[in-house]
Amino acid sequence: TGIHESEGLQEIEIAMITRWTYWMILSLLAACGPSSRDSALQNYLNERFGTRSGFASDFVFVITEDGCPVCDRRFADLLRERTECMNCLFIVRAQGSSFSLNGFLEGSPNTRFDDGSFKSLGLLEGSGVILLNERRIDSIIPLRIEEIDQQLSYFATLLGSESK
């Protein structure tokens, strides 16, 4: 009976290894294809900015009045003079009640006003930045009152490196 038990354990180990390998292959395949949120963002950008296969943005800045009013104003103040950044897109979902929309209204090809459809994508509830890597979402950074100074400094660094 010892031989039969050993064979049974080997069969269980083989089954476990097979399942693990199958799971890893599925995970790898899922990671290689575009996620639903990548597709949703790209569809939104294609509709709003007319971007197609040559789209080469690295950053999507979302400016709203949905969060801390002081944070949103400071964020807008940082961005308003940089709307010509070549690798940046600016989505503005604001009415100008918490901060001035000057700088965003001048018709930059990189700026669009949103009708609320961006929020329905579920990527950002308020202001923040989406970092892209080869048209796929790399990181989503929502604006946070607890980290506002560090975040604004980081965003300024991003904008400074892209404007050169």
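Here we summarise the structure given alongside this text. (Residues numbered from 1 in each chain as written. Predicted model: local features only at pLDDT ≥ 70, side-chain atom pairs only at ≥ 80, totals over all residues. Heavy atoms only, no water.)

## What to know about the overall build of the chain
Right, on to step 1. For the chain, the count of helices and strands is four helices and five strands.
Right, on to step 2. Across the chain, helices and strands are ordered from the amino to the carboxyl terminus as α-α-β-α-β-β-β-β-α.
Right, on to step 3. For the chain, the proportion of its 164 residues judged to be buried stands at 37%.
Right, on to step 4. Relative to all contacts within the chain whose residues are 6 or more apart in sequence, the contacts with residues 24 or more apart total 65%.
Right, on to step 5. Surface accessibility of the chain: about 9,900 Å² in total, with carbon and sulfur atoms responsible for 55%. (Helix = DSSP H or I, 4+ residues; strand = E, 2+ residues; numbered from the N terminus. Buried < 20%, exposed > 50% of the residue type's maximum accessible area, 1.4 Å probe, protein only. Contact = heavy atoms within 4.5 Å. Areas by Shrake-Rupley, 256 points an atom, 1.4 Å probe, with all protein chains shown as cover.)

## Concerning helix α2 (residues 36-49)
Right, on to step 1. A rise of 1.5 Å per residue sets the reference length of α2, with its 14 residues, at 20 Å; its end C-alpha atoms lie 20 Å apart and thus fit the reference within 8%.
Right, on to step 2. Along α2, the residues that are buried comprise D38, L41, Q42, Y44, L45, N46 and F49.
Right, on to step 3. Tucked into the core, α2 has its buried residues touching β1 (59-64), β2 (88-93), β3 (111-113), β4 (128-133) and β5 (136-142).
Right, on to step 4. A positive backbone phi angle near 70 degrees is found at G50, which sits one or two residues after α2. (Expected span 1.5 Å × (residues − 1).)

## Some points on the environment of F75
Right, on to step 1. Positionally, F75 belongs in helix α3 (residues 69-79).
Right, on to step 2. The class of F75 is buried, set by a relative accessible area of 0%.
Right, on to step 3. Measuring from C-alpha to C-alpha, the distance between F75 and F155 comes to 9.0 Å, with 80 residues separating the pair along the chain.
Right, on to step 4. Residues in contact with F75, not counting those within four places in the same chain, are F61, V62, I63, S127, G128, V129, L143, L152 and F155.

## Some thoughts on the pattern of salt bridges
Right, on to step 1. The final tally for this structure, using the stated rule, is six salt bridges.
Right, on to step 2. Between R136 and D38 there is a salt bridge; the shortest N-O distance is 3.4 Å. Taken together, the residues span a long stretch of sequence, with R136 in strand β5 and D38 in helix α2 at a distance of 98 residues.
Right, on to step 3. Looking at R136, the relative accessible area reads 30%, which means it is partly exposed.
Right, on to step 4. Ionic contacts of the salt-bridge type, sharing partners, join the residues D66, R93 and K119 into one network. (Salt bridge = Lys/Arg side-chain N within 4 Å of Asp/Glu carboxyl O.)

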